[in-house]
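These are the residues of each chain, in order.
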Amino acid sequence: MSAMGRGAPARSATADREIVISRAIDAPRELVFEAFTEVRHLSRWWGPEGFTTTTQSFEFRVGGVWDFVMHGPDGTDYTEWITWTEIAPPERIVLLHGESRDDPNAFESVLTFAPDDAATRIEMRTVFPTRELRDEAAEKYHAIEGGRQTLSNLAAYVTELVHKGAEG
């Protein structure tokens, strides 16, 4: 019998070029989803710790584009480009993310929002064009830690919105 054995979870066909990060957020699914849909929200929490975001243009619709610059804590600017390829409120967003529209190394992220009692479980599954690009993102750009920090920032942001809503 192979090492995979019976009952082992099936690996997806893209497992060797994926990064998957998930987190439970203590807020309703609709609010967590909304935090991804409006630039006034996104610019407040997007990116790892210490980063800020300046938006050039933003249109949240299938085929729409978010052009923005991320400013690193060391002063480095990173030009970024995202286009939305699938939007299914409030449960799923698929996007393509690169440095520009014609970036051959652009990667796809699938975001799913699942109810988890009163909370929401968000999963960010990012699939890179090659395993080498996945490894480079993880090792050189600390994509796993950066993704965790980004979801942590999202959690802090929407939790604050919930508390403000409860007070108001």
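As a reminder, the structure under discussion sits directly above these lines.
Rules used in this analysis
Note that residues are indexed from 1 along each chain, following the sequence as it is written. Restriction of local features to residues with pLDDT of at least 70 applies here, the model being predicted, together with a cutoff of 80 or more for giving and counting side-chain atom pairs; totals for whole chains, interfaces and linings are based on all residues. Hydrogens and water molecules were not included; the side-chain quantities draw on all heavy atoms of the structure. Strands are runs of DSSP state E lasting at least two residues, helices are runs of H or I lasting at least four, and both sets are numbered from the N terminus onward. Taken over C-alpha atoms, the radius of gyration is set against a globule rule of 2.2 Å times the number of residues to the power 0.38. Buried residues are those whose accessible area, probed at 1.4 Å on protein chains only, stays under 20% of the maximum for their type, while exposed residues exceed 50% and partly exposed ones sit between those limits. Here a residue-residue contact requires only that any non-hydrogen atoms of the pair lie within 4.5 Å. Every accessible area reported is derived by Shrake-Rupley at a probe size of 1.4 Å, with residue values counting cover from the shown protein chains alone. Charge assignment in this entry is limited to Lys and Arg as positive and Asp and Glu as negative, and neither His nor the chain termini are counted. Think of each charge as sitting on NZ of Lys, CZ of Arg, CG of Asp or CD of Glu. A pair of strands is treated as paired once DSSP finds two or more bridges between them. To get an axis, a line is fitted to the C-alpha atoms, and for a helix only the part in contact is used. The angle between two axes follows their N-to-C directions and goes from 0 to 180 degrees. Pairing of aromatic rings covers Phe, Tyr and the six-membered ring of Trp, with a centre-to-centre limit of 6.5 Å; geometry is then stacked below 30 degrees between planes, edge-to-face above 60, and tilted otherwise. N or O atoms closer than or at 3.5 Å make up a polar contact, with two conditions inside protein: a donor-capable atom paired with an acceptor-capable one, and, for residues adjacent in sequence, both atoms drawn from side chains. This arc describes the spread of directions from the helix axis toward the C-beta atoms. Take a side-chain nitrogen of Lys or Arg and a carboxyl oxygen of Asp or Glu: if they are within 4 Å of each other, that pair is a salt bridge.

*Asks:* Help me understand the overall build of the protein chain in this model?
*Replies:* Across its full length, the protein chain carries 4 helices and 7 strands. Tracing the protein chain from N to C terminus, the helices and strands come up as β-α-α-β-β-β-β-β-β-α-α. Taken over C-alpha atoms, the radius of gyration comes to 17 Å for the protein chain, in line with the 15 Å a tight globule of 168 residues would show. Each principal axis of the C-alpha distribution contributes one length, and for the protein chain these read about 60 × 40 × 30 Å. Within the protein chain, the proportion of its 168 residues that are buried is 39%. Considering only contacts in the protein chain between residues 6 or more positions apart, those separated by 24 or more positions represent 46%. Summed over all atoms, the accessible surface of the protein chain reaches about 9,500 Å², with 50% contributed by carbon and sulfur. The average position of the 17 basic charges and that of the 28 acidic charges among the side chains of the protein chain differ by 5 Å.

*Asks:* So what exactly am I meant to see when it comes to the sheet that holds strand 6 (residues 107-116) here?
*Replies:* Strand-to-strand pairing in sheets goes through backbone hydrogen bonds, with the strands running parallel or antiparallel. As summarised here, the arrangement of the 7 strands in space is 1-7-6-5-4-3-2, forming an open sheet in which the pairing is antiparallel. On the outer flanks of this sheet lie strand 1 (18-25) and strand 2 (52-58), each paired with one strand and no other. Within the sheet, the average angular offset between the axes of one strand and its neighbour, ignoring direction, is 25°.

*Asks:* Would you take a moment to explain the packing of aromatic side chains for this structure?
*Replies:* Each aromatic ring pair is described using two quantities: the centre-to-centre distance and the angle formed by the ring planes. The full count for this structure, using the stated rule, is 12 aromatic pairs. Between Phe-58 and Trp-84, the aromatic rings sit 6.1 Å apart at their centres with planes inclined by 75°, giving edge-to-face as the arrangement. Placement of the pair is Phe-58 in strand 2 and Trp-84 in strand 4 (residues 77-88), with a sequence separation of 26 residues. For Phe-58, a relative accessible area of 24% translates into the label partly exposed.

*Asks:* Would you mind going over the environment of Asp-103 with me for this structure?
*Replies:* With respect to the secondary-structure elements, Asp-103 resides in the loop between strand 5 (92-98) and strand 6. Classification of Asp-103 by relative accessible area gives buried; the value is 18%. For the pair Asp-103 and Trp-81, spaced 22 residues apart in sequence, the C-alpha to C-alpha distance is 9.1 Å. Reaching out from Asp-103, the side chain makes a polar contact with the backbone nitrogen of Glu-99 at a distance of 2.8 Å.

*Asks:* Looking at this structure, how should I read helix 3 (residues 131-139)?
*Replies:* Structurally, the α-helix is built with 3.6 residues per turn, so residues lying three or four positions apart point the same way. Within helix 3 the residues assigned to the buried category are Leu-133, Arg-134 and Ala-137. Down the axis of helix 3, the buried side of the element spans an arc of 105°, and every buried residue falls inside it. Facing away from the buried side of helix 3 by over 90 degrees, the exposed positions are Glu-132 and Glu-139.

*Asks:* Is there a simple way to explain the pattern of salt bridges in this structure?
*Replies:* Here the idea is simple: oppositely charged side chains can pair when their charged atoms come close. A full pass over the atoms with the stated rule returns 10 salt bridges. Note that Glu-38 and Arg-40 form a salt bridge whose closest N and O atoms lie 2.6 Å from each other. Its salt-bridge partner being Glu-123, residue Arg-125 comes within 3.5 Å of it at the nearest N-O pair. Exposure remark for Arg-125: the relative accessible area of 27% places this residue in the partly exposed category. On the accessibility criterion, Glu-123 (24% relative accessible area) is partly exposed. What you see here is one network of salt bridges that share partners, running through Glu-18, Glu-123 and Arg-125.

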